[in-house]
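Structural features, examined
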Amino acid sequence: MTWDEIEVPKEIRPFMLEHAEETELGQKNGAIKQYRYDKLHIREYDDKYLVHMDNVDPRKDPVGHLIFDAPEVLIGLATAAIGGKKIASQIYTNKKSKNLSLFTGFLASIAFGYIGYHITKKVKNF
């Protein structure tokens with residue numbers, strides 16, 4: 001649980017906002033379901049709800065949400081694209097096969113994206 005989330009046990013207050021919409025947007029973090037009501041993000045677990053406010057509603061402004069609420073995703077995607085392209089172009093300019101450079105670039109993009117995402121997530125939570 002992050003510092004800005006509120007835990008609401010189901011046995012104390014079983015609730016669901018009448019106008020909240022079930023959504024796939026956002027990291028589930030092991031939740032059964034997740035809901036959104038404007039900037040409110042609700043994750044439902046077996047025994048509790050975790051609730052927090054986002055700065056930007058991703059349904060209305062996905063790019064703004066990535067910048068202000070989920071920069072780790074944006075940086076992970078950027079490092080994947082830049083790192084994968086750099087590795088692929090290095091292999092291709094060294095007269096290796098195009099298929100090898102594409103495959104290696106793909107693997108490198110996964111690794112760079114993973115590293116970029118996790119480092120940014122740790123910095124954000126620090």
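Keep in mind the model is a prediction, meaning the values are calculated, not measured.

Re the pattern of salt bridges
For the structure shown, the criterion picks out 9 salt bridges. As a salt-bridge pair, R43 and E5 come within 2.8 Å of each other at their nearest N and O atoms. Of this pair, R43 sits in strand β4 (residues 40-44) while E5 sits in the segment before β1 (6-9), and the two are 38 residues apart along the sequence. The same class applies to R43 as to E5, namely buried. Between D54 and R36 there is a salt bridge, with the nearest N and O atoms lying 2.6 Å from each other. Taken together, the residues span a long stretch of sequence, with D54 in the loop between β5 (48-53) and α1 (62-68) and R36 in strand β3 (residues 33-37) at a distance of 18 residues. Of the residues examined, R36 reaches a relative accessible area of 1% and is grouped as buried. Sharing partners across several salt bridges, the network here consists of E21, D57 and R59.

Side note on helix α2 (residues 71-93)
The α-helix winds at 3.6 residues per turn, so residues separated by three or four positions along the chain end up facing the same way. With 23 residues, α2 extends 33 Å from end C-alpha to end C-alpha; this agrees with the ideal 33 Å at 1.5 Å per step. In this structure, the buried residues of α2 make contact with α3 (98-125).

Quick look at the sheet that holds β3
Taken in spatial order, the 5 strands of this open sheet run β1-β5-β4-β3-β2, and their pairing is antiparallel. One side of each edge strand has no neighbouring strand; the edge strands of this open sheet are β1 and β2 (21-22). In this structure, β4 lies alongside β5, joined through 5 bridges in antiparallel fashion. The partner of I42 across the bridge, within β5, is V51.

A word on the packing of aromatic side chains
In this structure the tally under the stated criterion is 0 aromatic pairs. A cation over an aromatic ring shows up here: K10 above the ring of Y49, its NZ or CZ 5.4 Å from the ring centre. The positively charged end of K48 is found above the aromatic ring belonging to Y45, 5.5 Å away from the centroid.

Each value, and the rule that gives it
- Residues numbered from 1 in each chain as written.
- Predicted model: local features only at pLDDT ≥ 70, side-chain atom pairs only at ≥ 80, totals over all residues.
- Heavy atoms only, no water.
- Salt bridge = Lys/Arg side-chain N within 4 Å of Asp/Glu carboxyl O.
- Helix = DSSP H or I, 4+ residues; strand = E, 2+ residues; numbered from the N terminus.
- Buried < 20%, exposed > 50% of the residue type's maximum accessible area, 1.4 Å probe, protein only.
- Expected span 1.5 Å × (residues − 1).
- Contact = heavy atoms within 4.5 Å.
- Pairing = 2+ DSSP bridges.
- Phe/Tyr/Trp six-rings, centres within 6.5 Å; stacked < 30°, edge-to-face > 60°.
- Lys NZ or Arg CZ within 6 Å of the ring centre and 35° of its normal.

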